[in-house]
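# Architecture and fold: a report
Residues per chain, in single letters:
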Amino acid sequence: MADNREFDLILFGATGFVGKLTAEYLLTAAPESARIALAGRSLDKLTKVRTELGPAAADWGLVVADSTDEAALAALAARTKVVVTTVGPYLRYGLPLVGACAKAGTHYADLTGEPLFIRDAIDRYHDQAVATGAKIVNSAGYDSIPSDLSVYQLYKRSLADNTGELEDTTLIASLKGGVSGGTVDSARAMMEAIAADPKKGSVLSHPYSLSPDKSMDPDVGRQSDQTLSRASAIDPSLDGWVSTFVMAAHNTKIVRRTNGLLGWVYGKNFRYREVMSAGKSPAAPLVAAGIAGGIVAALATGAVLSRVPAGRKVLDRVLPKPGTGPSEKSRDSGWFAMKTYTRTSSGAKYVATFSGQGDPGYKATAVLLGQSGLCLAFDTDQQPELAGILTPGAAMGDALTERLRAAGMTIEVARVR
């Protein structure tokens, strides 16, 4: 990409809940020389956000564009090296911006946890993005950077140690955090899309639905995202119980897509899953069962209600509204810790740790997304020469890992046998 663009990075959706958090983070993390702009539908709201950021943001540009205005999005993409977008649900609002960036050769990062959106983006714009050199990076927040980079770094360590390919690999998630209306709205968008076209359900259920070439993926049998078991089944050193992790169905697809984009380097017997820790207390089995059952019930209820207008009205009344999220106190007190265990073909065992402070979906995600945008803008010479619809690991790999370590997150791999 020629370095003659007006901006290094445009933050689209800067007036939204997560958009504001990301703007605040960029204010402290971006180089002083970075040319940044805020984008959204309302000039008045954008001006208010910039003013609230203080004098350090006084020179930031303001770009007015609507997610449905293709001409405005094309103009936006042509002005910048990178677009970072928090405007979701992406299934409803995101594809025109992906198309604009793919056509303009503009790098892009989002926060989607929506496999249906990514599948559509791949089908429509992957080849064009490859041709223009655009890195279109999906899921550059808590979903799914910790998952993706943990497995990527396990692969790099096993490669350096010459201990063979990755085989059984399991991430155990522990966290404290809240849920926003935007996150819930993304889930609703997918349920409504499937209600309108049931064939789309296979994108959610198939483990390799985001793969670049399903015929090349490891043939390791059934891989279910539903879990209820003792933690010792993952590694004998672990106590307590594990249950279904609500983001496993999405994160696992991202990790498997990374493997494919990198040439299936993780191995022919690479099997991956994610679970959530339910703790070690006497009540842990009941907690684990409640989590697993609750997720199934919530998904089933949402799917049924999404099929009819009356059901959608019920959801409108009871679910959090878009643009809402946890309080500042809750965001500050949150945390996450992901432990990923793997065994290689030679019998070696490793554990990767990826942890950070702050509510994972909000305060930590602002760091993850902000650093992804800065990495795409300023670290291109340190990244794999891949373009197209990509994942964080395939697009930025070690460059993003080092940025996040410098930003205060723990990312490490230890050999345990």
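Residues numbered from 1 in each chain as written. Predicted model: local features only at pLDDT ≥ 70, side-chain atom pairs only at ≥ 80, totals over all residues. Heavy atoms only, no water.

An unreviewed UniProt entry lists the protein under the name Short subunit dehydrogenase-like uncharacterized protein, from Nocardia tenerifensis. In UniProt, the protein has this text filed under Sequence similarities (unreviewed entry): "Belongs to the saccharopine dehydrogenase family. Enoyl reductase subfamily." (UniProt positions renumbered as here; feature names shortened; annotations may be inferred.)

This next bit is on the overall build of the protein. When helices and strands are tallied, the protein shows 15 helices and 14 strands. Residues classed as buried in the protein amount to 54% of the 417 residues present. For the protein, contacts bridging at least 24 residues in sequence account for 78% of all contacts bridging at least 6. For the protein, the exposed surface amounts to about 17500 Å²; the carbon and sulfur share of it is 53%. (Helix = DSSP H or I, 4+ residues; strand = E, 2+ residues; numbered from the N terminus. Buried < 20%, exposed > 50% of the residue type's maximum accessible area, 1.4 Å probe, protein only. Contact = heavy atoms within 4.5 Å. Areas by Shrake-Rupley, 256 points an atom, 1.4 Å probe, with all protein chains shown as cover.)

Of the residues in the protein, 89% reach a pLDDT of 70 or more, and the chain-wide mean stands at 91. Here residues 310–316 is modelled with pLDDT under 50, and outside its nearest four sequence neighbours on either side it reaches 13 contacts, counting other chains as well. (pLDDT = per-residue confidence, 0-100.)

Grouped together as the largest cluster of nonpolar side chains are 103 residues, with contacts concentrated most on Leu38, Leu76, Phe354 and Leu404. Shared between two domains, this core holds at least three residues of each, these being domain 1 (7–140 + 363–403) and domain 2 (144–360). Those residues within four positions of leucine 38 in sequence are excluded, and the remaining contacts are Leu11, Ala14, Ala23, Leu46, Val49, Arg50, Leu53, Trp60, Gly61, Leu62 and Val63. One finds Ile234, Leu238, Val242 and Tyr341 within the second-largest nonpolar core, a separate group that totals eight residues. (Core = buried A, V, L, I, M, F, W, Y, C linked by side-chain atoms within 4.5 Å. Domains from an automatic or database assignment.)

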